[in-house]
Amino acid sequence: DAETAALVELCLREEDVVELRDVATTKGLVSKSLRKRAWPYLVDARATNVYGTGDEASAYERHASARHKDSSVVDADIDRSLWKFSEGWTDEERAIERARLKNIINACLEGNEQGIYYYQGLHDVASVLLLVCGEGAAHGMLHRLMRCHLRDCTRATMDPAIRTLRLLYPILRRADKELYDCIHGLSIIEPALEMPYLALTCYITWFA
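Our subject in this report is the structure included herewith. (Residues numbered from 1 in each chain as written. Predicted model: local features only at pLDDT ≥ 70, side-chain atom pairs only at ≥ 80, totals over all residues. Heavy atoms only, no water.)

**Things to note about the overall build of the chain**
- In terms of helices and strands, the chain carries 12 helices and 0 strands.
- For the chain, the succession of helices and strands along the chain, N to C, is α-α-α-α-α-α-α-α-α-α-α-α.
- Seen along its three principal axes, the alpha-carbon backbone of the chain occupies a region of about 60 × 45 × 35 Å.
- Among the 208 residues that make up the chain, the fraction classed as buried is 41%.
- Considering only intrachain contacts with a sequence separation of at least 6, the fraction spanning at least 24 residues in the chain is 68%.
- Of the roughly 12,000 Å² that the chain leaves accessible, carbon and sulfur atoms contribute 53%.
- For the chain, the centre of its 26 positive side-chain charges and the centre of its 32 negative side-chain charges are spaced 3 Å apart. (Helix = DSSP H or I, 4+ residues; strand = E, 2+ residues; numbered from the N terminus. Buried < 20%, exposed > 50% of the residue type's maximum accessible area, 1.4 Å probe, protein only. Contact = heavy atoms within 4.5 Å. Areas by Shrake-Rupley, 256 points an atom, 1.4 Å probe, with all protein chains shown as cover. Lys, Arg positive; Asp, Glu negative; His and termini not counted. Charge placed at Lys NZ, Arg CZ, Asp CG, Glu CD.)

This is how it looks when you write it as C-alpha cells:
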C-alpha cells in the first residue's frame, strides 16, 4: 500500500538496510519497481554492472558462452523454463528471455573454476531475478547469492543443503508446536518424514 511504499522509499533514500529488511519480511515491497531497486541493495549486489566497458563486460561474455561441467543440466532446465511466468508470450519472446537466463547462470558459474556448481532449481531463482530486475542486475544478484545465501546448495554435492534442512524441525517446534507435533506423529508410521525432504524444493528455490 502507499504507506509501505513510502517507507521503502525512505529506507532506500537513507540506505537503512536493517529497516529495509524488516519491511521486506513483514510488509513486502509492494511493487515490481520497488523490488527492482531494493533487491540488489538487500543482497549487497548494487555495484555489479556487467554492461560496463572493458574487462568486466568481456569476462561476462566469455563466461556466459563457455561450456562447463553442468552445461547439459543447465541446457535442459533452460529449455523447460519460464512457462509459469510467460503467459501470453510468443515463442520468440520466450526464446530471447531463455537466452538471457542461460547467460546469467553460465556467467555466475564461471566454468566451475571457483568451486561453484549448478543445481536443479537454481534457474527458478534466476528467472524471478531476470524478470523483475533485468539481465545485468540479475547477474549481480545471482552471483552474490550463489556465493553467500545459497552457498550450501552450490557446492559439489547437495549434502550441505540437506544438513541445513535438518534445522527445519527444531525451528518448526518453536514456531508452530501443533504442526510440529502433527508431523512428528506421522513420522512414526511414515519414516520418510523423519527428514524434512518435503520442504527441499521450497528451500532450494526460495519459494520461486
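Alright, that's what it looks like, and here's the rest.
**Focus on helix H11 (residues 177–189)**
- Taking 1.5 Å per residue, 13 residues should reach 18 Å; H11 reaches 19 Å between its end C-alpha atoms and fits that length.
- Buried residues in H11 make contact with helix H10 (168–175). (Expected span 1.5 Å × (residues − 1).)

**Quick notes on the nonpolar core**
- Ranked by size, the top nonpolar core spans 32 residues in total, and within it Ile105 and Leu142 carry the most contacts.
- Within the residue set of this core, elements represented by two or more residues are helix H4 (55–65), helix H5 (71–79), helix H6 (91–109), helix H7 (122–133) and helix H8 (135–147).
- Looking at this core, the element that brings in the most residues is H7, giving 7 residues.
- If near-sequence neighbours (up to four positions away) are discounted, Leu142 is found in contact with Ile104, Ile105, Cys108, Leu122, Val125, Ala126 and Leu129. (Core = buried A, V, L, I, M, F, W, Y, C linked by side-chain atoms within 4.5 Å.)

**Examining the pattern of salt bridges**
- Tallied over the full model, the rule gives 11 salt bridges.
- A salt bridge links Asp75 to Arg67; the shortest N-O distance between them is 2.9 Å.
- Here Asp75 makes a salt bridge to Lys102, at a shortest N to O gap of 2.9 Å. Residue Asp75 is found in helix H5, and its partner Lys102 is found in helix H6; the two are separated by 27 residues along the sequence.
- Under the relative-accessibility criterion, Lys102 is labelled partly exposed at 28%.
- Each of Arg67, Asp75 and Lys102 takes part in one network of salt bridges that share partners. (Salt bridge = Lys/Arg side-chain N within 4 Å of Asp/Glu carboxyl O.)

**Observations regarding unusual backbone geometry**
- Unusually for a residue other than glycine, Leu82 sits at a positive phi of about 75°.
- Of note, Leu82 is situated in the loop between H5 and H6.
- Unusually for a residue other than glycine, Phe207 sits at a positive phi of about 60°.
- Looking at the element boundaries, Phe207 is found in the segment after helix H12 (200–205).

**Observations regarding the packing of helix H2 (residues 17–26) against helix H3 (residues 32–42)**
- It is at 11 Å that the axes of H2 and H3 come closest, and there the two elements cross at 120°. Relative to H3, the element H2 is oriented oblique. As H2 runs across H3, the sense of the crossing is left-handed. On the side of H2, the interface is formed by Val17, Leu20, Arg21 and Ala24, while H3 contributes Ala38, Tyr41 and Leu42.
- Class assignment for the residues of the contact of H2 with H3 results in 6 nonpolar, no polar and 1 charged. (Axes fitted to C-alpha atoms, helices over the stretch in contact; angles between N-to-C directions. Parallel < 35°, antiparallel > 145°, perpendicular 65-115°, else oblique. Left-handed = near helix turned anticlockwise from the far one by under 90°. Nonpolar A, V, L, I, M, F, W, Y, C, P; charged D, E, K, R; others polar.)

**Things to note about the state of the cysteines**
- Scanning the entire structure with this criterion turns up 0 disulfides.
- Here Cys202 stays free of any disulfide, with the sulfur of Cys153 as its closest cysteine sulfur at 13 Å.
- On the basis of relative accessibility, which here comes to 32%, the residue Cys202 falls in the partly exposed class. (Disulfide = S-S within 2.5 Å.)

**Points about the packing of aromatic side chains**
- Inspection of the entire model under this criterion finds 1 aromatic pair.
- The ring of Tyr180 has Arg173 sitting right over it, with the charged end atom 5.3 Å from the ring centre. (Phe/Tyr/Trp six-rings, centres within 6.5 Å; stacked < 30°, edge-to-face > 60°. Lys NZ or Arg CZ within 6 Å of the ring centre and 35° of its normal.)

**Quick notes on the environment of Trp39**
- Counting through the fold element by element, Trp39 comes out in helix H3.
- Through-space distance from the C-alpha of Trp39 to that of Trp89 is 25 Å; in sequence the pair is 50 residues apart.
- Apart from the residues lying within four places of it in its own chain, the contact partners of Trp39 are Leu29, Val128, Leu129, Val132, Cys133 and Met141.

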